[in-house]
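Take a look at the letters that make up each chain.
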Amino acid sequence: MSQTSALKVPGAAPLPLQAEPLTLRPNVNDAHVRFIGLGKTYPGQAQPALQGIDLNIRRGEIFGIIGRSGAGKSSLLRTINRLEQPSHGRVLVDQVDIGGFDEDQLVNLRRSIGMIFQHFNLMSAKTVWQNVELPLKVAGVAKAERQRKVRALLQLVGLEEKHQVYPAQLSGGQKQRVGIARALVHDPRILLCDEATSALDPETTASILELLRDINRRLGLTIVLITHEMAVIRDICHQVVVLDRGQVVEQGEVWRVFGAARHAVTRTLLAPLQPRLPDALTGRLQASPASRDSAVVLKLTVPGEPDLTALFNTLGGSVRLLQGGVQAIGEHALGQLIVSVQHSPHATGPLLERARRWAEDVEVLGYVV
Amino acid sequence: MWFDRLLQGLLDTLLMVGVSSLIALLAGVPMAVLLVTSDKGGIFAAPTLNRVLGAFVNLFRSIPFLILMVALIPFTRMVVGTTYGVWAAVVPLTIAATPFFARIAEVSLREVDHGLVEAAQAMGCRRWHIVWHVLLPEALPGIVGGFTITLVTLINSSAMAGAIGAGGLGDIAYRYGYQRFDSQIMLTVIAMLVALVALIQLGGDRLARGLNKR
């Protein structure tokens with residue numbers, strides 16, 4: 001289990017994979033956003049949309065909320081800038097309960113929290129420039145200052161040349177970049193992302209996520225995002241929360257949740273990113289060993305880059321690699337291998353025990369002849 | 001002399017339609033905004049006010065113009081001091097056109113994507129900012145289209161107002177064309193009305209298209 005290998009980052013010192021020097025220990029005082037016993041029930045609905053949510057979102061981290069549609073992600077996200085009013089519990093932003101805010105306080109709060117949307121929500125009758133300028137204009141910022149900020153932000157998102165264009169003439173990725181510029185124009189401390197890449201193609205998604213990561217690093221912004229795609233969580237989040245029917249069913253650091261998902265919903269959401277057996281083999285898989293020649297098929301999850309020599313020595317016998325690879329998750333690497341091991345049918349127990357010494361998570365997928 | 005009479009009729013029609021449509025515009029847009037924003041879930045939610053206003057609008061929309069005009073005679077006399085002539089016609093024309101236009105403008109305002117309102121709230125807009133910077137600009141092409149329809153409807157109604165002595169092209173067509181069987185006058189007036197309506201429609205469509213950036 002204890003591998004002390006290191007993941008090489010170009011131009012940087014090797015980072016230890018299992019120690020956690022870069023991530024802070026949970027500390028309530030450092031919570032940027034805190035949910036305490038949060039619940040939401042919509043009028044006329046028996047089933048609550050959110051129930052008993054207790055979470056801390058730390059300053060400067062990218063916090064992902066994932067779940068299937070209708071799990072309550074959107075409602076939860078919107079309680080942070082009070083576009084959604086909770087029915088129970090409290091939301092603290094910078095230690096302040098925002099529950100009792102009047103319109104003036106809400107306006108100030110919202111100016112310190114940027115938000116971007118799945119369908120971008122840009123004003124169609126305004127140019128790119130006017131869209132980004134609008135939050136400053138309604139806040140009464142002087143014209144010279146507005147021009148300086150809008151120019152700087154359009155430059156940040158790479159759209160200086162498009163400033164006179166209307167949103168209808170932009171591609172999806174460009175629209176979201178305008179959305180990001182607009183969300184950042186008040187120098188917010190928090191950025192909320194509501195399925196910000198769900199309407200984009202994979203390539204554009206990657207570039208928007210890269211931009212968000214860059215903003216998080218350079219501006220030290222806390223980012224809270226909701227998504228139904230695990231790939232988004234893997235690519236940029238530090239922490240993840242899995243919501244199911246309004247409740248938190250799993251939470252933790254992303255690479256840990258990826259390595260050892262406990263809840264069925266998490267496993268389902270993770271499935272597309274997991275190594276899968278070739279179809280031909282899946283058909284031959286049996287629940288129990290059929291003969292003395294059967295091999296057991298194991299799925300092994302190991303933090304870091306798998307040491308194969310150690311694996312062969314640990315398992316012994318004839319080990320075949322059926323599928324597998326290493327995923328990069330933030331500063332961590334996570335190896336996932338599917339192997340078949342030829343062994344005596346009576347020795348499965350000891351074999352699994354040995355496998356668990358090497359891997360963090362061992363799953364028996366079945367037996368093949 | 002015929003030319004003078006027709007010109008005078010045209011000017012009277014333009015005056016009646018111009019003044020009443022201007023008032024309908026100034027009163028109808030706020031009324032439409034109120035109808036939309038005071039509705040349940042709106043940014044100025046006030047369901048009772050919304051229902052009262054809705055009922056009021058429906059009441060005036062359901063009365064045929066000819067009857068409304070006659071029924072309003074005492075009110076007209078109170079407002080402009082006479083029940084005869086162009087200014088007397090402006091009163092019922094305005095009262096008929098305002099709710100009509102407000103309903104059309106309301107439809108355009110309702111079509112503004114709720115996501116835009118949400119985005120505006122999220123960026124720290126106050127409610128009046130949302131009306132001014134989001135709802136009205138986004139609905140503007142539709143409102144212009146609705147105003148064009150209102151203008152055409154007003155030309156139609158102003159001809160009826162001619163029948164109670166309001167003057168205008170409708171009056172000329174009625175008196176000379178219908179009562180004296182002068183088909184030449186009748187046809188000239190029809191041609192003028194067709195040209196006027198076509199011009200308004202063309203201008204309105206162009207403007208709406210130019211404003212629509214979607």
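Residues numbered from 1 in each chain as written. Chains lettered and ligands numbered in written order. Predicted model: local features only at pLDDT ≥ 70, side-chain atom pairs only at ≥ 80, totals over all residues. Heavy atoms only, no water.

Novice: Would you mind showing me how to read the overall build of chain B here?
Specialist: The secondary structure content of chain B amounts to 9 helices and 0 strands. Start at the N end of chain B and walk to the C end: the helices and strands fall as α-α-α-α-α-α-α-α-α. Expressed along its principal axes, the backbone C-alpha trace of chain B runs to roughly 65 × 40 × 25 Å. Here chain B, with 214 residues, has 47% of them falling under the buried criterion. (Helix = DSSP H or I, 4+ residues; strand = E, 2+ residues; numbered from the N terminus. Buried < 20%, exposed > 50% of the residue type's maximum accessible area, 1.4 Å probe, protein only.)

Novice: Just checking my understanding: could you explain a nonpolar patch on the surface for this structure?
Specialist: Residues and elements named next belong to chain B. Judged by side-chain polarity, L15, F75, M78, V79, V80 and W87 come together as a nonpolar surface patch covering roughly 580 Å² of accessible area. Per element, the largest residue contribution to the nonpolar patch is 4 residues, and it comes from helix α4 (residues 73-80). Its location among the elements puts F75 in helix α4. (Patch = residues over 30% accessible without salt bridge, like charges linked within 9 Å, V, L, I, M, F, W, Y side chains within 5 Å. Areas by Shrake-Rupley, 256 points an atom, 1.4 Å probe, with all protein chains shown as cover. Salt bridge = Lys/Arg side-chain N within 4 Å of Asp/Glu carboxyl O.)

Novice: Whenever I open this one, the sheet that holds strand β16 (residues 361-368) of chain A confuses me. Can you help?
Specialist: Where strands meet in a sheet, backbone hydrogen bonds hold them as pairs that are either parallel or antiparallel. All names here are of chain A. Read across the open sheet, the 4 strands follow the order β14-β15-β13-β16; overall the sheet is antiparallel. Edge positions in the sheet fall to β14 (319-329) and β16, since each of these pairs with one other strand and no more. Adjacent strand axes in the sheet meet at a mean angle of 15°, parallel and antiparallel pairs treated alike. The sheet strands contacting helix α11 (residues 308-315) are β13 (295-303), β14 and β15 (332-342), and the helix crosses β15 at an angle near 35°. Across the sheet, helix α12 (residues 348-358) is in contact with β13, β15 and β16; its angle to β13 comes to roughly 20°. (Pairing = 2+ DSSP bridges. Axes fitted to C-alpha atoms, helices over the stretch in contact; angles between N-to-C directions. Contact = heavy atoms within 4.5 Å.)

Novice: I keep staring at the packing of α4(B) against helix α5 (residues 86-110) of chain B and nothing clicks. Help me out?
Specialist: How two helices pack is summed up by the angle between their axes together with the distance between the axes. All names here are of chain B. Close contact between α4 and α5 brings their axes to 9 Å; oriented N to C, the two are set at 120°. One way to sum up the angle between α4 and α5 is to call them oblique. As α4 runs across α5, the sense of the crossing is right-handed. Counting all contacts with α4, which are made through F75, T76, V79 and V80, the residues of α5 involved are W87, A88, V91, P92 and I95. Across the contact of α4 with α5, the residue classes break down as 8 nonpolar, 1 polar and no charged. (Parallel < 35°, antiparallel > 145°, perpendicular 65-115°, else oblique. Left-handed = near helix turned anticlockwise from the far one by under 90°. Nonpolar A, V, L, I, M, F, W, Y, C, P; charged D, E, K, R; others polar.)

Novice: Whenever I open this one, the interface of chain B and chain A confuses me. Can you help?
Specialist: A common way to report how large an interface is uses the accessible area buried once the components associate. On the side of chain A, 24 residues touch chain B, which itself brings 20 residues to the contact. For the pair chain B and chain A, the two sides together bury roughly 2,000 Å², of which 58% comes from carbon and sulfur. Of all residues in chain B, B:M123, B:R126 and B:K213 give up the largest surface area on contact with chain A, accounting jointly for 30% of the area buried on that side. Inspection of the chain B/chain A interface yields 3 salt bridges. Residue assignment for the side of chain B that touches chain A shows that the elements contributing at least two residues are α6 (114-122) and α7 (127-162) of chain B. With 7 residues, α6(B) is the largest single contributor of residues to the side of chain B that touches chain A. (Buried area = accessible area lost by both parts, 1.4 Å probe.)

Novice: When you look at the sheet that holds strand β11 (residues 239-244) of chain A in this model, what are you seeing that I'm missing?
Specialist: Residues and elements named next belong to chain A. Pairing within the open sheet is mixed, and its 6 strands lie in the order β8-β9-β10-β5-β11-β12. With partners counted over all chains shown, the strands left at the sheet margins are β8 (113-116) and β12 (247-253), one partner each. This sheet shows a mean twist of 15° between the axes of neighbouring strands, independent of strand direction. Both strand β9 (residues 190-194) and strand β10 (residues 222-227) contribute to a ladder of 5 bridges, which runs parallel. Each residue of the ladder has a partner; that of L191, found in β10, is I223.

Novice: Just checking my understanding: could you explain the confidence of the model for chain B for this structure?
Specialist: Where the model shows low pLDDT, its predicted coordinates should not be examined in detail. When the pLDDT values of chain B are averaged, the result is 93; 100% of them are 70 or greater. Of all secondary-structure elements in chain B, the lowest mean pLDDT belongs to helix α8 (residues 169-179) of chain B, at 84, while α6(B) reaches the highest, 97. (pLDDT = per-residue confidence, 0-100.)

Novice: Would you take a moment to explain the layout of surface pockets for this structure?
Specialist: Empty pockets left among the atoms are what a rolling probe the size of a water molecule brings to light. If you add up the space inside the largest pocket, you get close to 810 Å³. Looking at the largest pocket, it is lined by 29 residues, and the ones nearest its centre are B:G41, B:G42, B:I43, B:H114 and B:Q121. Those elements that provide at least two residues to the lining of the largest pocket are α2 (103-111) of chain A together with α1 (2-37), α5, α6 and α7 of chain B. Partitioning the lining of the largest pocket into residue classes produces 11 nonpolar, 6 polar and 12 charged. (1 Å grid on protein atoms, 1.4 Å probe; cavity = no way out; pocket = protein on both sides within 12 Å on 5 of 7 lines; lining within 4 Å. Points joined across faces, edges and corners; volume = space filled by probe spheres on them.)

Novice: It is not clear to me how unusual backbone geometry should be interpreted in this structure. Could you clarify?
Specialist: The phi torsion of most residues other than glycine is negative, and most of the peptide bonds are trans. All names here are of chain A. With phi around 55°, N121 is a residue other than glycine that occupies positive phi space. Here N121 is to be found in the loop between β8 and α3 (128-138). Unusually for a residue other than glycine, E195 sits at a positive phi of about 50°. Relative to the helices and strands, E195 resides in the loop between β9 and α6 (202-219).

Novice: Is there a simple way to explain the domain arrangement of chain A in this structure?
Specialist: Residues and elements named next belong to chain A. Here chain A is partitioned into domain 1 (27-272) and domain 2 (277-368). Between the C-alpha centres of domain 1 and domain 2 there is a distance of 39 Å. Each side of the interface is counted separately: domain 1 has 6 residues, and domain 2 has 11 residues. Regarding the contact of domain 1 and domain 2, the summed buried area is about 850 Å², with carbon and sulfur atoms giving 57% of it. Considering only the surface of domain 1 that becomes buried against domain 2, R234, W255 and G259 emerge as the three largest contributors, covering 62% of it. (Domains from an automatic or database assignment.)

Novice: Teacher, can you tell me more about the side chain of A:D244 here?
Specialist: Residues and elements named next belong to chain A. Position of D244 relative to the elements: it lies in strand β11. The buried category is assigned to D244, whose relative accessible area is 9%. Of the polar contacts made by the side chain of D244, one reaches the side chain of R68; its length is 3.3 Å. If sequence neighbours within four positions are ignored, D244 has contacts with R68, A71, V249, H263 and V265. (Polar contact = N/O pair within 3.5 Å; in protein donor to acceptor, adjacent residues only side chain to side chain.)

Novice: Looking at this model, I keep getting lost on the nonpolar core. Mind explaining?
Specialist: A general tendency of soluble globular proteins is for nonpolar side chains to be buried together. In terms of nonpolar packing, the biggest core is built from 52 residues, with A:I180, A:L212 and A:F258 touching the most fellow members. If sequence neighbours within four positions are ignored, A:L212 has contacts with A:I116, A:I180, A:L191, A:C193, A:I223 and A:I236. Counting 44 residues, the second largest nonpolar core, distinct from the first, contains A:M123, B:V29, B:M123 and B:I200. (Core = buried A, V, L, I, M, F, W, Y, C linked by side-chain atoms within 4.5 Å.)

Novice: How should I be thinking about α2(A) in this particular structure?
Specialist: The periodicity of an α-helix, 3.6 residues per turn, causes residues three or four places apart in sequence to face the same way. Among all positions of α2(A), only A:L106, A:V107, A:L109, A:R110 and A:R111 are buried. Buried residues along α2(A) sit against β6 (88-93), β8 and α3 of chain A together with α6 of chain B. Where α2(A) starts, the residue carrying a side-chain oxygen 3.2 Å from the main-chain nitrogen of A:D104 turns out to be A:D102.

Novice: Can you walk me through the packing of aromatic side chains in this structure?
Specialist: The relation between two aromatic rings is expressed through the spacing of the ring centres and the mutual angle of the planes. Residues and elements named next belong to chain B. Enumeration according to the criterion identifies 3 aromatic pairs over all chains in this entry. A centroid spacing of 5.0 Å and a plane angle of 45° characterise the contact between F44 and W128, whose relative ring orientation is tilted. Within this pair, whereas F44 is found in the loop between α1 and α2 (47-62), its partner W128 is found in helix α7, the two being separated by 84 residues in sequence. When its relative accessible area of 60% is taken as the criterion, W128 is described as exposed. Aromatic pair F101 and F147: ring centres 5.6 Å apart, planes at 70°, arrangement edge-to-face. In this pair, F101 is assigned in helix α5 and F147 in helix α7, connecting sequence segments 46 residues apart. A relative accessible area of 0% means that F101 is categorised as buried. Residue class for F147 comes out buried when judged on its relative accessible area of 19%. (Phe/Tyr/Trp six-rings, centres within 6.5 Å; stacked < 30°, edge-to-face > 60°.)

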